[in-house]
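Tertiary structure, described
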Amino acid sequence: MPQAYDPNNIFAKILRGEIPCKKIYEDEVALCFHDVAPQAPVHALVIPKGEYQSFSDFTLKASSKEVCGFFQAVQRSIEALKLEAGGYRLLSNHGEHAGQEVPHFHVHICGGGHLGKMISRS
Ligand code: AMP
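Below: a short report on this structure. (Residues numbered from 1 in each chain as written. Predicted model: local features only at pLDDT ≥ 70, side-chain atom pairs only at ≥ 80, totals over all residues. Heavy atoms only, no water.)

1. Notes on the state of the cysteines
How we decide: By convention in this document, the label disulfide applies to cysteine sulfur atom pairs within 2.5 Å.
Evaluated as defined, the whole model comprises zero disulfides. Cys32 takes part in no disulfide bond, and the closest cysteine sulfur, belonging to Cys21, lies 9.0 Å away. The closest cysteine sulfur to the non-disulfide-bonded Cys68 is located on Cys32, 17 Å from its own sulfur.

Shown next as structure tokens:
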């Protein structure tokens, strides 16, 4: 991961309102919106409003209030998407080996149908 947070990453632009998103849920610490290139029948992303590059950056640097509030926001998003009954998968990519594309911490929420094997190496 680069040393410094890049304020020009696409999710930072979404948070500043410079790029639109299909919003699902928002509160003081997090925003949830539909992924622009869905990999499942339902594919959403939850991002913190603070400037964190990845899961490790977030959990090491964010306050307990932010960390707790973020995961509560993930749950609220799952409820808004009505995924609890059928099931869902949470995923977060950190760094090169995981293929992280956007250097702003995010959790993917996937559901809406059977998701197949957990990890593809293709
Ligand atoms: P990752 O590989 O974990 O960094 O995932 C980044 C995700 O962001 C991918 O699933 C992209 O499809 C998604 N994405 C990129 N740009 C946008 C955008 N403008 N709005 C919504 N999702 C986006």
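2. A short note on the site of the ligand
Note the threshold: Distances are taken per atom, and a residue is near a molecule or strand as soon as one of its heavy atoms is within 4 Å of it. Counted as a polar contact is a pair of N or O atoms within 3.5 Å, where, for protein atoms, one must be capable of donating a hydrogen and the other of accepting one, and residues adjacent in sequence contribute only when both atoms are in side chains. Strands are runs of DSSP state E lasting at least two residues, helices are runs of H or I lasting at least four, and both sets are numbered from the N terminus onward. Gly falls in the polar group here, along with every residue not listed as nonpolar (Ala, Val, Leu, Ile, Met, Phe, Trp, Tyr, Cys, Pro) or charged (Asp, Glu, Lys, Arg).
As a structural note, the neighbourhood of the ligand is formed by 16 residues, with Asp35, Asn93, Glu101, His106 and His108 the closest of them. Within the side chain of Asn93, one N or O atom sits 2.8 Å away from an oxygen atom of the ligand. Taking His106, its side chain carries an N or O atom lying 2.8 Å from an oxygen atom of the ligand. Looking at the shell around the ligand, the elements with two or more residues in it are helix 1 (10-15) and strand 2 (30-34). Element by element, the count of residues in the shell around the ligand is highest for helix 1, at three residues. Split by residue class, the shell around the ligand holds eight nonpolar, six polar and two charged.

3. Observations regarding the pairing of strand 5 (residues 107-111)
As a reminder of what qualifies: Relative accessibility decides the category of a residue: with a 1.4 Å probe and only protein chains considered, values under 20% of the type maximum give buried, values over 50% give exposed, and everything between is partly exposed. Pairing between strands is defined by DSSP: at least two bridges between them are needed.
When you tally the buried positions in strand 5, you get five out of five residues, the bulk of the element. Bridging between strand 3 (residues 42-48) and strand 5 involves five bridges; their strand directions are antiparallel. Bridge assignment links Leu45 to a residue of strand 5, and that residue is His108. As defined by bridge partners, strand 4 (residues 88-91) adjoins strand 5 across four bridges and the pair is classed as antiparallel. Pairing of Arg89 across the sheet is with Cys110, part of strand 5.

4. Digging into the nonpolar core
Our working definition: We call a set of buried Ala, Val, Leu, Ile, Met, Phe, Trp, Tyr and Cys residues a nonpolar core when their side-chain atoms join them within 4.5 Å. Contact definition: two residues touch when any of their heavy atoms are within 4.5 Å.
Counting 19 residues, the largest nonpolar core has Val46, Phe70, Leu81 and Ile109 as its most contacted members. For this core, the secondary-structure elements that each account for two or more residues are strand 2, strand 3, helix 3 (64-80) and strand 5. Here the element with the most residues in this core is helix 3; it accounts for four residues. What Ile109 contacts, discounting residues up to four positions off in sequence, is Val42, His43, Ala44, Val46, Val74, Ser77, Ile78, Leu81, Leu83, Tyr88, Arg89 and Leu90.

5. Regarding the pairing of strand 1 (residues 23-26)
Two faces make up the sheet, and in a regular strand the side chains alternate between them. Judged from the three bridges that link them, strand 1 and strand 2 form a sheet pairing that is antiparallel. Of the residues in strand 2, the one forming a bridge with Tyr25 is Cys32.

6. Details of the pattern of salt bridges
Filter applied, for reference: In what follows, salt bridge is the name for a side-chain nitrogen of Lys or Arg lying within 4 Å of a carboxyl oxygen of Asp or Glu.
Counted according to the given criterion, the structure contains five salt bridges. Linking Arg16 and Glu18 is a salt bridge whose minimum nitrogen-to-oxygen distance equals 2.7 Å. Notably, a salt bridge pairs Glu26 with Lys23, separated by 2.6 Å at the nearest N-O pair. By sharing partners, the salt bridges in this structure join Lys23, Glu26 and Lys49 into a single network.

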